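Here are the chains, one letter per residue:
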Amino acid sequence: MQRLDDIFHLRYGHSLELNALKRVHAPEGVNFVSRAMGNNGVTARVDVKVAPAKAGELSVALGGNGVLSTFVQPEPFVCGRDVMILTPIEPAMGIAEKLWWARCIWENRYRFSYGRQANRTLGSLLVPDAAPEWVQQTPLPTHDGLAKSSASPLALTDPHGQHWSDFTLGEIFDIKKGKRLTKAERVPGKTRFVSASEKNNGITDMNDVPALFPAGVLTVVYNGNSVGHAFYQDEPFFASDDVNVLLPNGPVSRWAQLFVAAIIKHGRTRFTYGYKWTLARMKQTVIRLPANGNGEPDWGYMEAVMRGLPFSAAIDDRP
């Protein structure tokens, strides 16, 4: 292991106060990087007179709830309080390796907290001796590449028009409840454990349990604050008893199920922690979907709409 300051030059950021700065819109100004954990740490676009940090340098949050949130900044930027700027000692370090080192820093977040900041100790943080070879060989997707659609865009018809119909979820899916598995019974393994989570596709962790359900189905949280969050599962999984599993009654593509998942999530506000989306209620829940001339769900149209959305090409090759 080696110290972080053996790999990077560390310096404190600009320590600017956002409320004292003039906000502008791109392409004017520069990015303002704070201790935020999302959006690459960027919280605003500002007009400043100070010299910004360079594109390709890393920003590291030193305190707050986002302590050690680390990002490679693609544009010149300025910083708020408690943000450190890292510049590679080796000028030829590539973007893939910078991202890998950023991940290494992230993985040390558990050592710090709101009350234990990293201001004085970041440089002494121990990280691996070198990045593995696969890092250099990993192709990085570009934003333009990710933003591509899988097919030509297709406009959504009027949901109140004649080409849409009402269906109960029980008509088009065989809905089953998950199974209780307490935390004490769970041990690390290779099976996805889907529970009442609205993040990471509903997957809490990987457990050593046999899969209860096959791939190619939807999961919907029926309990807790995340009630109504729906996800498409592309691998066999174990569902907790806080989750209902929707198995299509016939062949329905992943794309069409993603369409339905969006419709289900849109209606989640009808249910709460105190008014749960139980199995019985979910079977009787009515959703409105595109319909064909026979009055059946128009799965082909739904798939075409989803394939035409931006970023759909990013998941086109997934099973």
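Attention here is on the structure that accompanies the text. (Residues numbered from 1 in each chain as written. Predicted model: local features only at pLDDT ≥ 70, side-chain atom pairs only at ≥ 80, totals over all residues. Heavy atoms only, no water.)

## Details of the packing of helix 5 (residues 254–266) against helix 7 (residues 299–307)
Part 1 of the argument: Where helix 5 contacts helix 7, the axes come no closer than 8 Å and their chain directions differ by 85°. Classified by the angle their axes make, helix 5 and helix 7 are roughly perpendicular. Contacts between helix 5 and helix 7 involve Trp255, Ala256, Leu258, Phe259 and Val260 on the former and, on the latter, Trp299, Met302, Glu303, Val305, Met306 and Arg307.
Part 2 of the argument: Considered class by class, the residues forming the contact of helix 5 with helix 7 number nine nonpolar, no polar and two charged. (Axes fitted to C-alpha atoms, helices over the stretch in contact; angles between N-to-C directions. Helix = DSSP H or I, 4+ residues; strand = E, 2+ residues; numbered from the N terminus. Parallel < 35°, antiparallel > 145°, perpendicular 65-115°, else oblique. Contact = heavy atoms within 4.5 Å. Nonpolar A, V, L, I, M, F, W, Y, C, P; charged D, E, K, R; others polar.)

## Thoughts on the sheet that holds strand 6 (residues 58–61)
Part 1 of the argument: With antiparallel pairing, four strands are arranged side by side in an open sheet as 2-9-6-7. Pairing within the sheet leaves two strands with one partner each, and these edge strands are strand 2 (8–12) and strand 7 (70–72). Between one strand axis and the next, the sheet turns through 25° on average, direction left out of account.
Part 2 of the argument: Alignment of strand 6 against strand 7, held across three bridges, turns out to be antiparallel. Within strand 7, the position partnered with Ser59 by the bridge is Phe71.
Part 3 of the argument: Of the strands in this sheet, strand 2, strand 6, strand 7 and strand 9 (83–88) are in contact with helix 1 (residues 95–106), which crosses strand 7 at around 175°. (Pairing = 2+ DSSP bridges.)

## Here's the deal with unusual backbone geometry
Part 1 of the argument: In this chain, Ala26 is followed by Pro27 through a cis amide linkage whose omega measures 10°.
Part 2 of the argument: Along the polypeptide, Pro27 turns up in the loop between strand 3 (22–23) and strand 4 (30–33).
Part 3 of the argument: For Asn200, which is not glycine, the phi torsion reads 50° and is therefore positive.
Part 4 of the argument: When you line up the elements, Asn200 lands in the loop between strand 13 (188–194) and strand 14 (203–207).
Part 5 of the argument: For Asn200, a relative accessible area of 56% translates into the label exposed.
Part 6 of the argument: A positive phi angle, near 75°, is found at Phe311, a position not held by glycine.
Part 7 of the argument: Checked against the element boundaries, Phe311 lands in the segment after helix 7. (Buried < 20%, exposed > 50% of the residue type's maximum accessible area, 1.4 Å probe, protein only.)

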